[in-house]
Amino acid sequence: MSENFINLTIENLETEHLCCAIADKKHQKGVNMKKEWLKNQIEKGHVFRKLDAKGKVFIEYAPLETAWVPIYGDNYMYIYCLWVSGSFKNKGYAKSLLQYCINDAKEKGKAGVCVLSSKKKKPFLSEKKFFEKYEFKVVDSIEGDYELLALSFNGQKPHFNENAKKMKIKEKELTVYYGIQCPYTANCIEQVENYCHQNNIPLNLYQVDTLDKAKNVPCVFSNWAVFYNGDFKTTHLLNEKYLKKLFDL
């Protein structure tokens, strides 16, 4: 197993690829937006660590105080994403990346590390069973399904913002909250706008483009959350097939 990892920095950000959108040209706009976002976040302690290879093998985490998620806690690290895919699976990379994050948190005097997960495996969420192997525990939950896992070093526990527990909004129209920290959202928003325009479907779009907005979204997800008839529906990135199913067209 190769242990040659790279941390993105201000100096190498323009030349290094983002693992989550490594080769898909349709997401290049989103990649550029993500890199601009990272420029500001790296200076605040954000870490994007990846395998030095052409593959999706990386971890992305940040101090909870500056993490764009509706979660609060005293002096925690928050893991945005830990992703190992394809032929890179089952080679110990996920363990190495998580251990790096845990060690980094301890060295920086953090109270612990936390991550969003769920009781049952869901797309775009870290798998609960993996983190339980490293003694992460459920410290908060929403609707009995979405769970906040934490590895506490001193007994302190993070928690969801109360506003996030609503998982409802007043608007009945199709409504999407989306963030600029995900390279996939830019293209998906274009698809949603085009589809809704062609089918005369009312649409509300809320760009989560500040830390304050991210901390106060009405659900557990700040980078992509879909509501319809006032209820939270999915974190699935919308496409024409999914929209047809949602509206039964």
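This text goes with the structure placed above it.
Rules used in this analysis
- Residues numbered from 1 in each chain as written.
- Predicted model: local features only at pLDDT ≥ 70, side-chain atom pairs only at ≥ 80, totals over all residues.
- Heavy atoms only, no water.
- Helix = DSSP H or I, 4+ residues; strand = E, 2+ residues; numbered from the N terminus.
- Contact = heavy atoms within 4.5 Å.
- Phe/Tyr/Trp six-rings, centres within 6.5 Å; stacked < 30°, edge-to-face > 60°.
- Buried < 20%, exposed > 50% of the residue type's maximum accessible area, 1.4 Å probe, protein only.
- Lys NZ or Arg CZ within 6 Å of the ring centre and 35° of its normal.
- Expected span 1.5 Å × (residues − 1).

Along the chain, glutamine 181 turns up in the loop between β10 (174-179) and α4 (185-198). What glutamine 181 contacts, discounting residues up to four positions off in sequence, is Lys34, Trp37, Trp68, Ser222 and Asn223.

Applying the stated criterion across every chain, the model contains 16 aromatic pairs. Judged by centre distance (5.1 Å) and plane angle (75 degrees), the rings of phenylalanine 131 and phenylalanine 136 are edge-to-face. Each member of the pair, phenylalanine 131 as well as phenylalanine 136, carries the same accessibility label: buried. One aromatic cluster in this structure is built from Tyr146, Tyr177, Tyr206, Phe221, Phe227 and Phe232. A cation over an aromatic ring shows up here: arginine 49 above the ring of tyrosine 100, its NZ or CZ 3.8 Å from the ring centre. The aromatic ring of phenylalanine 153 is capped on one face by lysine 106, whose charged end is 5.3 Å from the ring centroid.

The terminal C-alpha atoms of helix α2 (residues 93-107) lie 21 Å apart, and with 15 residues this matches the ideal 21 Å at 1.5 Å per residue to within 8%. Taken residue by residue, α2 has Tyr93, Leu97, Leu98, Cys101, Ile102, Asp104 and Ala105 as its buried positions. Glycine 109 lies just past α2 and shows a positive phi near 75 degrees.

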